[in-house]
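# Structural features, examined
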Amino acid sequence: MPILLHPSKVPIFLTKPKLNILSLTFHSKPISTSPVPSHQHIAHLILDQKSPSQAIQTFKWASKLPHFTHTQSTYRALVHKLCVFRCFDIAREVLDQMPSSIGENPDEDVFVTLVRGFGRARMIRDVIRVVDLVCKFGKSPSLKILNSILDVLVKEDIDIARQFYRKKMVGSDVVGDDYTFGIMMKGLCLTNRIGDGFKLLQMIKNRGVIPNAVIYNTLIHALCRNGKVGRARSLMSEMREPSEVTFNILISAYCGEDNLVQALVMLEKCFKLGLVPDVITLTKVVEILCNKGRALEAVEVVETVERKGGIVDVVAYNTLIKGFSDSGKVKVGHRFLKEMERKGCLPNADTYNILISGFCESGMLDSASDMFNEMKLLGIHWNFITYDTLIRGFCSRGRMKDGLQILELTEESKGGSGGHISPYNSVIYGLYKENCADEALEFLNNMARLFPRAVDKSLKIIGLCKDGDVEDAHGLYEQMKKEGGVPSAVVHVHLIHGFCKIGRAREAFSLINEMVGHGYLPIASTFNVLILELCKQGRTESASKFLEDMIERGCLPDSGSYGPVVDGFCRKGDLQKALMLFLQMVERSITPDLFIWNALVVCISQKNAWVGNRNLLASFS
């Protein structure tokens, strides 16, 4: 054995202190009386080495142990290690040494190890030549070896794999087994040769073989991946016994198509067959039900899965809790936090972040704060989302002091804001909502040390708007967005005012929509300028619809919001619409100002005069 007997120093791990890792029971006895280490121990020791030379030295060292003889398993470990380091010539020499060393030819597992080593190195020709290498030892390659070669070829090139199957397998009267056909089906489906997949399926049937669930599932998955879910479902009907995987594939596909009805039909069929979907599929069903406002049905699905012994993990519960929180039922979501704890499913930071967000959206800021404190008590680490959600919640609802305290905690935390500007923009938004424009600009200036580029662009946009150069300001705004920046509320406000001043209502309207899209609801003074501009242009109906839209989005109007629209309808003589808006103001406890009263009085007077004149004309007729 020229390679293994090459003289070299014993590696460090074989010095006296390390020798005892082979057996903890004989470290004080002479080696001749020590128990012989198992082949499994030696194989693991070879696999643990960090270089091919160390692996060889370990193998050689073990061969010198009294009463120890290498076997197929230790040779296989050495071959694997040599293949990892791409010492393929040495690996072949090791195989050649086996008959004289242990009196046996390499078994099929050793050859499979070599095949996989060539496969990892993408040495496809050498993979195929393993067939000849097996024959060299006077054997015909077993089906296991041929399947391992086929598996490597399929991952590399399906055409080469098919050629190998026809010439080396079918040509040698090797029919193949379920694993063979499964490998071929996988290769065809991975390359989207679905038609050939169906031909293969038919060929299997023609040979009198019943295709197993893996073969069917592979083809069903390929059909679903290509949007042919209906065809996939028809194919499932051919199966004798669909597996859980079959249902996971189809249910997930229907969820991906947002086809809740069919997803639930398949889920019910799955349950009736005594099968349970995996937790990933379950989570998809829960998510789509919650998105459709059917969170209670999602609860029933979760309970059914639990009752049937299926797994419901923290992600599934978080999805359910989010469904209730998003629908304004955050207290119900909170009850499921306690429920999952009771069942031994521990909540994580995401669970608490979802609830904190839900409480903030519902205006229950004290409850959100309680969740924040509870995380610390339970040892669940706050993360950026936790801080960001609370800062936004507090600042957007007027609790600026609390928001700034959380921001301070964020900056003191290990990761800080992580380069994210959103918590700081939330503070600016809070100051804007409190009509503290000067303080918002001062805070923006102070952010320059952390976000110099964003602050510089923001201040330039504001400056250009003040100078009346709105076009250039908007160009800079678009550039800021392309670079991934999120302009703050004050930037949006200055641009909206700037476009309204030059009569560009459409651009101002678009900016308000973008502002709302970022979660910044404009205050009355911002959307009032657009209402006024629309009314100046005689577009009273548009102004009225815009006002209604702002109210539906949660913005709070004032008398300045209604005044121009009431006046616009009065000028058009549409007293009915003007009075409807007036009554809406009263219902919202908004006191009409002198401008509105005057517009209504003039309109009513004109109506009365018109009616009087009409009656006068009628008396002369």
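Residues numbered from 1 in each chain as written. Predicted model: local features only at pLDDT ≥ 70, side-chain atom pairs only at ≥ 80, totals over all residues. Heavy atoms only, no water.

### Looking at the overall build of the protein chain
Summing up its helical and strand segments, the protein chain has 34 helices and zero strands in all. The C-alpha atoms of the protein chain give a radius of gyration of 38 Å, which is well past the 25 Å a tight globule of 621 residues would have. Considered along the principal axes of its C-alpha atoms, the protein chain spans approximately 130 × 60 × 50 Å. Partitioning the intrachain contacts of the protein chain with sequence separation of at least 6 by distance along the chain shows that 60% fall at a separation of at least 24. As displayed, the protein chain offers around 31,700 Å² of accessible surface, 53% of which is attributable to carbon and sulfur atoms. Within the protein chain, the 67 negative side-chain charges are centred at a point lying 7 Å from the centre of the 75 positive side-chain charges. (Helix = DSSP H or I, 4+ residues; strand = E, 2+ residues; numbered from the N terminus. Rg over C-alpha atoms; globule rule 2.2 N^0.38 Å. Contact = heavy atoms within 4.5 Å. Areas by Shrake-Rupley, 256 points an atom, 1.4 Å probe, with all protein chains shown as cover. Lys, Arg positive; Asp, Glu negative; His and termini not counted. Charge placed at Lys NZ, Arg CZ, Asp CG, Glu CD.)

### Observations regarding the pattern of salt bridges
A complete count under the given rule lists 33 salt bridges for this structure. Two residues, Asp-196 and Arg-162, come together in a salt bridge whose shortest N-O distance is 3.3 Å. Taken as a pair, Asp-196 in helix α11 (residues 194-206) and Arg-162 in helix α9 (residues 158-169) lie far apart in primary sequence, 34 residues in all. We classify Arg-162 as partly exposed; its relative accessible area is 23%. (Salt bridge = Lys/Arg side-chain N within 4 Å of Asp/Glu carboxyl O. Buried < 20%, exposed > 50% of the residue type's maximum accessible area, 1.4 Å probe, protein only.)

### Things to note about the packing of aromatic side chains
Evaluated as defined, the whole model comprises 14 aromatic pairs. The interplanar angle of 75° and the centroid separation of 6.5 Å between the aromatic rings of Phe-527 and Phe-546 together place this pair among those described as edge-to-face. With Phe-527 in helix α30 (residues 524-536) and Phe-546 in helix α31 (residues 540-552), the pair connects residues that are 19 residues apart, well separated along the chain. Both residues of the pair, Phe-527 and Phe-546, count as buried. Following the ring pairs from residue to residue traces out a cluster consisting of Phe-372, Trp-382 and Tyr-387. (Phe/Tyr/Trp six-rings, centres within 6.5 Å; stacked < 30°, edge-to-face > 60°.)

### Some thoughts on the packing of helix α27 (residues 470-482) against helix α28 (residues 489-501)
Interaxial distance between α27 and α28 falls to 10 Å at its minimum, and their mutual angle equals 145°. By crossing handedness, the relation of α27 to α28 is classed as left-handed. Residue-level inspection shows Val-470, Ala-473, His-474 and Tyr-477 of α27 in contact with α28, the latter providing Val-491, His-492, Leu-495, Gly-498 and Phe-499. When its residues are assigned to classes, the contact of α27 with α28 shows six nonpolar, three polar and no charged. (Axes fitted to C-alpha atoms, helices over the stretch in contact; angles between N-to-C directions. Left-handed = near helix turned anticlockwise from the far one by under 90°. Nonpolar A, V, L, I, M, F, W, Y, C, P; charged D, E, K, R; others polar.)

### Here's the deal with helix α22 (residues 384-396)
For α22, which comprises 13 residues, the first-to-last C-alpha distance of 18 Å matches the rise-based estimate of 18 Å (1.5 Å per residue) to within 8%. Every buried residue of α22 is listed here: Thr-386, Tyr-387, Asp-388, Thr-389, Leu-390, Ile-391, Gly-393, Phe-394 and Cys-395. Considering only its buried residues, α22 is in contact with α20 (349-361), α21 (365-378), α23 (400-412) and α24 (422-433). For α22, the capping residue at the N-terminal end is Asn-383, with a side-chain oxygen 3.1 Å from the backbone nitrogen of Ile-385. Looking one or two residues beyond α22, the residue adopting positive phi is Gly-398, at roughly 85°. (Expected span 1.5 Å × (residues − 1). Polar contact = N/O pair within 3.5 Å; in protein donor to acceptor, adjacent residues only side chain to side chain.)

### A look at the side chain of Ser-325
The topology assignment puts Ser-325 in helix α18 (residues 314-326). Looking at Ser-325, the relative accessible area reads 7%, which means it is buried.

### Quick look at the nonpolar core
In this structure, Leu-114, Val-130, Ile-149, Ile-220, Leu-320 and Met-447 are the most contacted members of the largest nonpolar core, which totals 148 residues. In contact with Leu-114, other than residues within four places in its own chain, are Val-79, Cys-83, Ala-91, Leu-95, Val-130 and Leu-133. Among the nonpolar cores identified, the runner-up in size contains 51 residues, and Tyr-432, Ala-505, Leu-511 and Ile-523 belong to it. (Core = buried A, V, L, I, M, F, W, Y, C linked by side-chain atoms within 4.5 Å.)

### Considering the packing of helix α29 (residues 505-517) against α30
Angle between the axes and distance between the axes: these two values describe a pair of packed helices. Axis separation between α29 and α30 bottoms out at 10 Å; the angle between their running directions is 150°. On the basis of their axis angle, the class for α29 and α30 is roughly antiparallel. Crossing handedness for the pair α29 and α30: left-handed. Contacts between α29 and α30 involve Ala-505, Ala-508, Phe-509 and Ile-512 from the former and Phe-527, Leu-530, Glu-533 and Leu-534 from the latter. (Parallel < 35°, antiparallel > 145°, perpendicular 65-115°, else oblique.)

### Some details on the environment of Gly-358
By the secondary structure assignment, Gly-358 is in helix α20. In sequence terms Gly-358 and Lys-329 are 29 residues apart; their C-alpha atoms lie 8.2 Å from each other. Residue contacts for Gly-358: discarding those within four places in its chain leaves Ser-325 and Val-330.

### A word on the environment of Phe-324
Mapping Phe-324 onto the fold places it in helix α18. Note on Phe-324: relative accessible area 1%, which makes it buried. Separated by 30 residues in the primary sequence, Phe-324 and Arg-294 place their C-alpha atoms 9.3 Å from one another. Apart from residues lying up to four places away in sequence, Phe-324 is in contact with Ala-295, Leu-296, Val-299, Lys-329, Val-330, Val-332, Gly-333 and Phe-336.

### Looking at the confidence of the model for the protein chain
On average, residues of the protein chain score 89 in pLDDT, and 92% of them reach the 70 mark or higher. Taken as a whole, residues 1-33 scores under 50 in pLDDT and shows 45 contacts with residues more than four places along the chain or in a different chain. Every residue in residues 610-621 is under pLDDT 50, and counting partners more than four places away or in other chains gives zero contacts. (pLDDT = per-residue confidence, 0-100.)

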